[in-house]
Amino acid sequence: MTAAEPRVLITDDQALVRAGFRLILTVRGIEVVGEAANGAEAVEAARRLKPDVVLMDIRMPVMDGLEAARLTLEHVPGCRVIMLTTFDLDRYVYTALRLGASGFLLKDVTPQHLAAAVRLVNTGDALLAPSITRRLVERFAPDCPVSSSTHPELAALTPRELEVLALMGRGLSNTELARELTLSEATVKTHVARIFMKLNLRDRAQAVVVAYETGLVSPGP
C-alpha cells in the first residue's frame, strides 16, 4: 500500500519563495494546504490546518522561525518541521534541532531534493545526515552548554542502549551499528526505538544532539 502524500504548510516572508516551493511540490503530487508570511501566521495556520510537514523559514518578522517551530510542535505534535536557511552551518539550525525540527534545507535546494525531503520526514525519519548534525553540534554545542541533568532519563537507558546512543552520536547508521555491535538490524532498530521512547526524542538528529550535550560523546575524532 502506497503511503499518502504529505500535506504541507509553507512559511517564508518572501512571496516568491513560497510561490516557487508551492509550484515545485504541487506538480509532484504533494498538496500545499497553506502559506504563511511570518512565524505568528505559521503557528495559527498549523493549528488550524494540521499539516503533516511545515517548511519553516528561520528569519522572519513578527515571530522568528525558531519560536514558531517550538509552538507548532507543541500545538501540533504529529507534524514535522523542516527549517529553511541560506547556509548549512547555521547556529539557528542547531537550536531548531534541539527544539525538535526534523532537519533543514538550503533555500537553493533542487526541486527533486525538496520533494524527496518532504516525503522523507513525513515517514518519521530525520532529514539530516548524522554527520551533518555532528558538525553542527561540534561547532555550536560549546555555546549552549547543557548538563546531563537536562536528560535525567539517560539513567533509564540500559548499558547497551547507552552504547547504541553513543554510536548514533558518532553518525553510525543502523546497518553500521549492527555491524559494529554484532547484532541484527532488527535488534538495533528495537534499541533505537526504545531510546527514542525513553528520552522523548523525535528522530536521530535529536539523538545526536543529546549524545553530545550530555557528554556521552565528545567532539573530535
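Structure's up top.
Quick caveat, the model's predicted, so the values are computed rather than measured. (Residues numbered from 1 in each chain as written. Predicted model: local features only at pLDDT ≥ 70, side-chain atom pairs only at ≥ 80, totals over all residues. Heavy atoms only, no water.)

(A) Local environment of the environment of L162. Position of L162 among the secondary structure elements: in helix α7 (residues 159–169). Taking relative accessible area as the criterion, L162 reaches 26% and is therefore assigned partly exposed. Remark: the alpha-carbon pair of L162 and I195, spanning 33 residues in sequence, is separated by 8.4 Å. (Helix = DSSP H or I, 4+ residues; strand = E, 2+ residues; numbered from the N terminus. Buried < 20%, exposed > 50% of the residue type's maximum accessible area, 1.4 Å probe, protein only.)

(B) Up close: the sheet that holds strand β5 (residues 103–106). As summarised here, the arrangement of the five strands in space is β2-β1-β3-β4-β5, forming an open sheet in which the pairing is parallel. Strand pairing shows two members of the sheet lacking a second neighbour, β2 (31–36) and β5, which therefore form its edges. On average, each strand axis in the sheet is tilted by 25 degrees relative to the strand beside it, whichever way the strands run. Pairing of strand β1 (residues 7–11) with β2 involves five bridges; the strand directions are parallel. Residue pairing across strands places T11 opposite A36, the latter belonging to β2. Along the sheet, helix α5 (residues 111–122) contacts β1, β3 (53–57), β4 (80–85) and β5; its crossing angle with β3, the most-contacted strand, is approximately 125 degrees. (Pairing = 2+ DSSP bridges. Axes fitted to C-alpha atoms, helices over the stretch in contact; angles between N-to-C directions. Contact = heavy atoms within 4.5 Å.)

(C) Just helix α10 (residues 204–213), in detail. Among the 10 residues of α10, 10 are classified as buried, and the element is accordingly described as predominantly covered. For α10, the set of buried residues is R204, A205, Q206, A207, V208, V209, V210, A211, Y212 and E213. Directly after α10, the chain includes G215, whose backbone phi takes a positive value near 85 degrees.

(D) Main features of the environment of T72. With respect to the helices, strands and loops of the structure, T72 is situated in helix α3 (residues 65–75). We classify T72 as buried; its relative accessible area is 2%. Residues T72 and V43 lie 29 residues apart in sequence; the distance between their C-alpha atoms is 5.4 Å. With residues near it in sequence (within four places) discarded, T72 still touches V43, A46, V54, M56, P77, C79 and V81.

(E) Just the packing of helix α4 (residues 91–99) against α10, in detail. Across the interface, α4 lies against α10 with an axial gap of 8 Å and an inter-helix angle of 100 degrees. Taken together, α4 and α10 sit at an angle that is classed as roughly perpendicular. Together, Y94, L97, R98 and L99 of α4 and A205, Q206, V209 and E213 of α10 make up the contact between the two elements. A breakdown of the residues in the contact of α4 with α10 according to their chemical character gives five nonpolar, one polar and two charged. (Parallel < 35°, antiparallel > 145°, perpendicular 65-115°, else oblique. Nonpolar A, V, L, I, M, F, W, Y, C, P; charged D, E, K, R; others polar.)

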